[in-house]
Amino acid sequence: DTGVSQNPRHKITKRGQNVTFRCDPISEHNRLYWYRQTLGQGPEFLTYFQNEAQLEKSRLLSDRFSAERPKGSFSTLEIQRTEQGDSAMYLCASSLAVWTETYEQYFGPGTRLTVT
Amino acid sequence: SQQGEEDPQALSIQEGENATMNCSYKTSINNLQWYRQNSGRGLVHLILIRSNEREKHSGRLRVTLDTSKKSSSLLITASRAADTASYFCATVSLGNQFYFGTGTSLTVIP
């Protein structure tokens, strides 16, 4: 257990439905990242936050994807109008960053999304 | 596309042997990190090497970094069956974004 939790662990949804995932990072960490991972591939970066500010979102997969970190603590990732191609593991990670130094990431167990 | 690329894609060795994995990347980095992932689980950080470092050790792990060749290697000495996992390198760009490679799948045969 790294201290990063994700809920739910598994989500099965029908195509066209909206889904929301939650990530609770390690409390002292100011950075929070979202990734997507498909079978046999490495994690694919989606977006990240420093405190409550979303510093990079251009790599979100489409405008159906959005993320928030309202108070700089937990974060949510929402996928609207899900498609079968969205089926994947969604990983959250947190880390500490000081000035220009970025340290190691601590990953949660992931949320496995299946779109039927 | 992902920046880091690991080589080989798969590696199978006998317990007690050493395992070496390589990672190549394309642009300037802040640091490079190696992670391990057991099947169906989240990633676990192994070791971080900064761009101004050339070699780092942690237990049975040894990482090298050659910024002129934009490459890194991870050596696991005296491998154990429990080392069976996928290993990923992650480059951290100057803009603090993480780029993961496709990973090396390591199997250690008891």
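Please read these numbers as outputs of a predicted model, since none were measured by experiment. (Residues numbered from 1 in each chain as written. Chains lettered and ligands numbered in written order. Predicted model: local features only at pLDDT ≥ 70, side-chain atom pairs only at ≥ 80, totals over all residues. Heavy atoms only, no water.)

(A) Spotlight on the state of the cysteines. On inspection of all chains with the given rule, the structure shows 2 disulfides over all chains. Linked covalently through their sulfurs, C23 of chain A and C92 of chain A form a disulfide whose S-S length is 1.8 Å. Every disulfide takes its handedness from the sign of the S-S torsion; for C23 of chain A and C92 of chain A that torsion is -65 degrees, giving left-handed. With C23 of chain A in strand β3 (residues 19-24) and C92 of chain A in strand β9 (residues 88-98), this pair connects stretches of sequence that are 69 residues apart. Neither C23 of chain A nor C92 of chain A differs from the other in exposure class; each is buried. Paired by a disulfide, C23 of chain B and C89 of chain B hold their sulfur atoms 2.0 Å apart. Taking the sign of the S-S torsion, about 60 degrees here, the bridge from C23 of chain B to C89 of chain B comes out right-handed. Linking C23 of chain B in strand β3 (residues 19-24) with C89 of chain B in strand β9 (residues 85-93), this pair joins segments that are 66 residues apart in sequence. C89 of chain B sits in the buried class, given a relative accessible area of 0%. (Disulfide = S-S within 2.5 Å. Helix = DSSP H or I, 4+ residues; strand = E, 2+ residues; numbered from the N terminus. Buried < 20%, exposed > 50% of the residue type's maximum accessible area, 1.4 Å probe, protein only.)

(B) Spatial organisation of the confidence of the model for chain B. Averaged over all residues, the pLDDT of chain B is 92; the fraction at 70 or higher stands at 97%. Summarising per-element confidence for chain B, the mean pLDDT is lowest in strand β1 (residues 5-7) of chain B (86) and highest in strand β7 (residues 61-66) of chain B (98). (pLDDT = per-residue confidence, 0-100.)

(C) Summary view of the pairing of strand β8 (residues 75-79) of chain A. Residue and element names in this part refer to chain A. Burial of β8 is extensive: 4 of the 5 residues sit out of reach of the surface. Where β3 meets β8, 5 bridges bridge the pair, whose relative direction is antiparallel. Looking at the pairing, R22 lines up with T76 of β8. Pairing geometry for strand β7 (residues 65-68) and β8, over 4 bridges, is antiparallel. Opposite S66, over in β8, you have E78 as the bridge partner. Between β7 and β8, which pair antiparallel and follow one another directly, the connecting turn spans 6 residues, one of which, G72, has a positive phi of 70 degrees. (Pairing = 2+ DSSP bridges.)

(D) Quick look at the interface of chain A and chain B. Opposite the 24 residues of chain A that make contact, chain B presents 22 residues. Considering only the surface of chain A that becomes buried against chain B, P43, T102 and F107 of chain A emerge as the three largest contributors, covering 23% of it. The tally of links between chain A and chain B comes to 0 salt bridges. At the boundary of chain A with chain B, the tally comes to 3 residue pairs in polar contact (both at pLDDT 80 or more). Elements with a contribution of two residues or more to the side of chain A that touches chain B: β4 (31-37), β5 (44-50), β9 and β10 (101-107) of chain A. If you tally residues by element for the side of chain A that touches chain B, the top one is β10 of chain A, at 6 residues. Split into classes, the residues belonging to the side of chain A that touches chain B amount to 10 nonpolar, 8 polar and 6 charged. (Contact = heavy atoms within 4.5 Å. Buried area = accessible area lost by both parts, 1.4 Å probe. Salt bridge = Lys/Arg side-chain N within 4 Å of Asp/Glu carboxyl O. Polar contact = N/O pair within 3.5 Å; in protein donor to acceptor, adjacent residues only side chain to side chain. Nonpolar A, V, L, I, M, F, W, Y, C, P; charged D, E, K, R; others polar.)

(E) View of the pattern of salt bridges. Residue and element names in this part refer to chain A. Applying the stated rule across the entire model yields 8 salt bridges over all chains. With a closest N to O distance of 2.8 Å, D86 and R64 form a salt bridge. You can see D86 sitting in the loop between β8 and β9 and its partner R64 sitting in the loop between β6 (53-56) and β7, a full 22 residues away along the chain. Per residue, the accessibility class of D86 equals that of R64, and both read buried. Salt bridges here are not isolated pairs; linked through shared partners, they connect R64, E83 and D86.

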